[in-house]
Amino acid sequence: MPAPATGSAPTPVNPRSRVLVASLIGTTIEFYDFYIYATAAVLVFPQLFFPSSDPTTALLSSFAVFGAAMVARPIGAVVFGHLGDRLGRKKTLVVSLLTMGIATFLIGVLPTYAQAGWVATALLVLMRLAQGFALGGEWSGAALVATENAPSGKRALYGTFPQLGAPLGFIIGNGLFLSMGALLPSAAGADPSQPSEAFVSWGWRVPFLFSAVMVAIGLWVRSRLVESAVFARTRESGGVRRLPLATVVRSHGKQLVLGTFIMLATYVLFYLMTTFSLSYGRAAKDAAVPGLGYGYTTFVLMMIFGVLFFAAFTLVSGPLADRYGRRATLIWITAGIVVFGLVWVPLIELGTLGVVLWLVLGFTLMGMTFGPMGALLPELFPTSVRYTGSGISYNVSSILGAAVAPFIAVALWETGDGSPWLVGVYLSAMAVLTLIALLLGKETKDVSLDDRDATADDPARAPAGSPAP
């Protein structure tokens, strides 16, 4: 007869490859969805869903709906954060990814304004809100999967993998749009910066429909995850909070505010380099609000070249933040963003070489500032409220830095009579606010994720096996 067991079975552990892929694929889909909507918001949505005699008004209306998703993201952060801190990371990530995938796919089958009038516009807004709601729980869950499963001394490195989804999503999303543009080119003699009739009619829908394939892969990977040991120990010790939102607001309000403003410059830079730059780069030099006058394909290829630096320096930032600390690394990078915002015009005036340098520098700084956030924001909060706290900081910052950034940028671009110098000053001003938040904050590199629960500011703890307040 076999000998009786002398102890409990070991806690299942996620393999390193599964952790990295599961944290990467969800954010890749998240940013893929963002990029294809942002691109469509510039290329086709103004005429398909927001008809207007003034092209700038139509563009601003399209961007307003783009920003509406950012308003929904904090709501999603609260709902999915509650689920993630109460029920676990795995189940919550599966639900958020499925919600996001359905909303994105449905955008691809919506009727246009010419077919359904205001109903089409309302449906687009509804789907965009659903996207934002789902995205509110996506990033924080992916970051927690990476950091809570990371080996000692490598949390920032592991935390860069969900961040790497941003450049990968850009390349996949814009690669699909470029492919559709090549398959459906503008007629001879037409403006090459404008999409063809076939592209406007149905070609733009393909990237949205393709998201279903990516979501299916993501769901398969995430269904194989097990909960992190950190969260499992918190649940076993009775550390799960009944109302994570109440706890994080009451006991970790300072961390919420600091996390929000620490993320601010990253969001503003991100949306200016990806959304505003596409509008500015494609606008004709003799337009009412002049731009750089590049064709769509040419400028997107220039952007993709810059995004390669985004990807490379996202990975570079992890080891630097693990060695020198998140705060110290980000202080220097944020100071660089301040300077970068002030040299936009001198760079762009150098011609094509200067424009490429502008894109490369912007995306390099983006990688360096975005990479450490995957570790820093989760480290601000104890395990029992980490999903909620990091998600709220990340997504409230999306309102301050992302929902309004494209709208403000277009307005400042108009005010500058086609010069983006005021847009650069706006970026520098937001970076100064982030710099202040970093100086007021503390280093989190050596914080133990388990110790944060033991020393949490909220002393209320429940007996083992029951949820805490």
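Numbering of residues starts from 1 in every chain and runs along the sequence as written. Given that this is a predicted model, residues contribute local features only at a pLDDT of at least 70 and side-chain atom pairs are listed and counted only at 80 or more, while totals for whole chains, interfaces and linings are drawn from all residues. Hydrogens and waters are ignored; side-chain quantities use all the structure's heavy atoms.

A. Geometry of the overall build of the chain. Helix and strand counts for the chain stand at 22 helices and zero strands. Here the globule rule is a power law, 2.2 Å times the number of residues to the power 0.38, and the radius of gyration is based on C-alpha atoms. Over its C-alpha atoms the chain spans a radius of gyration of 22 Å, differing by no more than 12% from the 23 Å that the globule rule assigns to 469 residues. Structurally, the chain occupies a C-alpha span of about 85 × 45 × 40 Å along its principal axes. Relative to its full complement of 469 residues, the chain shows a buried share of 58%. Residue contacts are defined here by distance: any two heavy atoms, one from each residue, within 4.5 Å place the two residues in contact. For the chain, the share of sequence-separated contacts (at least 6 apart) that also reach a separation of at least 24 residues comes to 84%. Elements are defined by DSSP. Helices are runs of H or I of four residues or more, strands are runs of E of two residues or more, and each kind is numbered from the N terminus. Relative accessibility decides the category of a residue: with a 1.4 Å probe and only protein chains considered, values under 20% of the type maximum give buried, values over 50% give exposed, and everything between is partly exposed.

B. Focus on the pattern of salt bridges. Any Lys or Arg side-chain nitrogen found within 4 Å of a carboxyl oxygen on Asp or Glu counts as a salt bridge. Under the counting rule described, the total for this entry stands at nine salt bridges. As a salt-bridge pair, Asp85 and Arg89 come within 3.2 Å of each other at their nearest N and O atoms. Arg89 carries the same exposure label as Asp85, and that label is buried. Residue Arg155 is joined to Glu379 by a salt bridge in which the shortest nitrogen-to-oxygen separation is 2.8 Å. Taken as a pair, Arg155 in helix α7 (residues 155–183) and Glu379 in helix α18 (residues 373–379) lie far apart in primary sequence, 224 residues in all. Of the two residues, Arg155 and Glu379, both sit in the buried class. Via salt bridges that share partners, Asp85, Arg89, Glu148 and Arg386 belong to a single interconnected network.

C. View of unusual backbone geometry. The backbone of Asp417 sits at a positive phi, close to 55°, despite the residue not being glycine. Summarising the element assignment, Asp417 is placed in the loop between α20 (405–415) and α21 (421–440).

D. Highlighting the nonpolar core. As used here, the term nonpolar core means buried Ala, Val, Leu, Ile, Met, Phe, Trp, Tyr and Cys residues forming a set that is joined through side-chain atoms within 4.5 Å. One finds Phe45, Trp204, Phe299 and Trp358 to be the most contacted residues of the largest nonpolar core, which totals 116 residues. When sequence neighbours within four positions are dropped, the list of residues in contact with Trp358 reads Met273, Ser277, Tyr280, Phe299, Phe340, Trp344, Leu347 and Ile348. Membership of the second largest hydrophobic core comes to 12 residues, among which are Ala150, Tyr158, Leu225 and Tyr387.

E. Quick peek at the packing of aromatic side chains. We call Phe, Tyr and Trp rings a pair once their centres come within 6.5 Å, taking the six-membered ring for Trp, and we label the pair stacked below 30 degrees between planes, edge-to-face above 60, and tilted otherwise. Counting across every chain of the model gives 32 aromatic pairs. Their ring planes at 75° and their centres at 5.4 Å tell us that Phe305 and Phe309 sit as a pair that is edge-to-face. Placement of both Phe305 and Phe309 in helix α14 (residues 296–324) is noted, with a separation of four residues, approximately one turn of the helix. The exposure class assigned to Phe309 is partly exposed, which follows from its relative accessible area of 27%. Ring centres of Phe310 and Phe363 lie 6.1 Å apart, and the angle between their planes is 20°; this geometry places the pair in the stacked category. Residue Phe310 is found in helix α14, and its partner Phe363 is found in helix α17 (residues 352–370); the two are separated by 53 residues along the sequence. Note on accessibility: Phe310 and Phe363 belong to one class, buried. Three or more aromatic residues link up through ring pairs in this structure, and these residues are Phe31, Tyr35, Trp139, Phe170, Tyr267, Phe270, Tyr271, Phe310, Phe363, Phe370 and Tyr394. The ring centre of Tyr37 lies 4.2 Å from the NZ or CZ of Arg128, which sits over that ring. The rule is short: NZ of Lys or CZ of Arg within 6 Å of the ring centre and within 35 degrees of the ring normal puts a charge over the ring.

F. Broad picture of the side chain of Thr275. Position of Thr275 relative to the elements: it lies in helix α13 (residues 264–282). For Thr275, a relative accessible area of 1% puts it in the buried group. Those residues within four positions of Thr275 in sequence are excluded, and the remaining contacts are Phe34, Ala38, Val42, Phe63, Phe66 and Pro406.

G. Structural detail: α7. Here α7 spans 43 Å end to end across 29 residues, near enough to the 42 Å set by a 1.5 Å rise per residue. The angle between axes fitted to the seven-residue stretch ending at a residue and the seven-residue stretch beginning at it gives the bend at that residue. Roughly 35° is the biggest bend found in α7, and it falls at Pro162. Between the first and last residue of a helix there are one fewer steps than residues, each counted as 1.5 Å, and that sum is the expected span.

H. The arrangement of the packing of helix α4 (residues 89–107) against helix α9 (residues 205–222) in detail. Where helices are involved, their axes are fitted lines through C-alpha atoms of the stretch in contact, as for all axes, and angles between N-to-C directions lie from 0 to 180°. Contact geometry of α4 with α9 gives a least axis separation of 8 Å together with a crossing angle of 165°. With respect to each other, α4 and α9 are oriented roughly antiparallel. Viewed along their axes, α4 and α9 form a crossing whose handedness is left-handed. Between α4, through Lys90, Leu93, Val94, Ser96, Leu97, Leu98, Gly101, Thr104, Phe105 and Ile107, and α9, the contact on the second element is made entirely by Arg205, Phe208, Leu209, Ser211, Ala212, Val215, Gly218, Leu219 and Arg222. Three categories are distinguished: nonpolar for Ala, Val, Leu, Ile, Met, Phe, Trp, Tyr, Cys and Pro, charged for Asp, Glu, Lys and Arg, and polar for the others, with Gly belonging to the last. Along the lines of polarity and charge, the residues of the contact of α4 with α9 split into 11 nonpolar, five polar and three charged. If an angle is under 35 degrees, it is roughly parallel; if it is over 145, roughly antiparallel; if it lies from 65 to 115, roughly perpendicular; otherwise it is oblique. If you view the pair so one helix is near and one far, a crossing is left-handed when the near helix is turned anticlockwise from the far one by less than a right angle, and right-handed when it is turned clockwise.

I. Highlighting the environment of Thr298. When you line up the elements, Thr298 lands in helix α14. For Thr298, a relative accessible area of 42% corresponds to the partly exposed category. With 56 residues separating them along the chain, Thr298 and Arg242 place their C-alpha atoms 53 Å apart.

J. Quick peek at the side chain of Arg205. The topology assignment puts Arg205 in helix α9. No salt bridge is formed by the buried Arg205. Its closest oppositely charged neighbour is Glu197, at 15 Å. When charges are tallied, Lys and Arg are placed among the positive residues and Asp and Glu among the negative ones, while His and the ends of the chain are skipped.

K. Looking closely at the environment of Tyr267. Following the sequence through the fold, Tyr267 ends up in helix α13. Its relative accessible area of 3% is what places Tyr267 among the buried residues. Taking the C-alpha atoms as reference points, Tyr267 and Phe299, separated by 32 residues in sequence, lie 22 Å from one another. Not counting chain neighbours up to four residues away, the residues in contact with Tyr267 comprise Arg73, Tyr394, Ser397, Ser398, Gly401 and Ala402.

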